[in-house]
Amino acid sequence: MTEQREPTSRQVPASTRAALEAYVLDADDTALTQALKQARTDKTGAPALLAEVLTLRGDPARKRQAARAIRKHYGLPLIPGPPCRS
């Protein structure tokens, strides 16, 4: 019998993945909000969500928008990479 484990930061639950797919593939704007709520409930980490978005096929603009929303949700910089220092 397989044991049900809580998702680690590297695993994205099927319900969260389905919501991300609905946003990227089906242009369902409410699905992204739902995915972020589910990720908070499931304690899914930002790296897992960002990696999941990158694996999806679909509109590149919606994938970028989803990645920005995930970064904002977790309090990360909206553009990946090192901060600019002047």
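This text goes with the structure placed above it.
Everything numeric in this text was worked out from a predicted model, so none of it was measured. Counting of residues starts from 1 at the beginning of each chain's written sequence and follows it residue by residue. Confidence filtering applies because this is a predicted model: local features only for residues at pLDDT of at least 70, side-chain atom pairs given and counted only at 80 or more, and all residues used for totals across whole chains, interfaces and linings. In computing side-chain values, all of the structure's heavy atoms are included and hydrogens and water are not.

Draft legend 1. Up close: helix H4 (residues 60-73). For the purposes of this entry, the term helix denotes a DSSP run of H or I that reaches at least four residues, the term strand denotes a run of E that reaches at least two, and both are numbered from the N terminus. Here, expected helix span is obtained from the residue count minus one, scaled by 1.5 Å. Here H4 spans 20 Å end to end across 14 residues, near enough to the 20 Å set by a 1.5 Å rise per residue. The buried label applies to any residue whose accessible area, calculated with a 1.4 Å probe on protein chains only, is under 20% of its type's maximum; exposed applies above 50%, and partly exposed to all values in between. Those residues of H4 lying buried are Arg62, Lys63, Ala66, Ala67, Ile70 and Arg71. Here a residue-residue contact requires only that any non-hydrogen atoms of the pair lie within 4.5 Å. Elements in contact with the buried residues of H4: helix H1 (14-26), helix H2 (29-42) and helix H3 (46-55). Any pair of N or O atoms that falls within 3.5 Å is considered a polar contact. Within protein, one atom must be able to donate a hydrogen and the other to accept it, and sequence-neighbouring residues count only if both atoms are side-chain atoms. Backbone nitrogen of Ala61 and a side-chain oxygen of the N-cap are separated by 3.2 Å at the start of H4; the cap is Asp59. Phi turns positive, to about 75°, at Gly75, one or two residues after H4.

Draft legend 2. Up close: the side chain of Glu52. Residue position: Glu52 is located in helix H3. Look past the residues within four positions of Glu52 in its chain and what remains in contact with it is Val12, Arg17 and Leu20.

Draft legend 3. Highlighting the environment of Arg62. The residue Arg62 is located in helix H4 in this model. Considered as a pair, Arg62 and Leu25 are 37 residues apart in the sequence and their alpha carbons are 8.5 Å apart. Setting aside anything within four residues of it in sequence, one finds Arg62 in contact with Tyr23, Val24, Ala27, Asp28 and Asp29.

Draft legend 4. Structural context of the packing of aromatic side chains. In this analysis, rings of Phe, Tyr and Trp, with Trp reduced to its six-membered ring, are considered paired at centre separations within 6.5 Å, and the interplanar angle assigns stacked below 30 degrees, edge-to-face beyond 60, and tilted for intermediate values. Evaluated as defined, the whole model comprises 0 aromatic pairs. Counted as over-ring charges are cases with an Arg CZ or a Lys NZ within 6 Å of the ring centre that also lie within 35 degrees of the ring normal. Over the aromatic face of Tyr23 sits the side chain of Arg62, whose NZ or CZ is 4.1 Å from the ring centroid.

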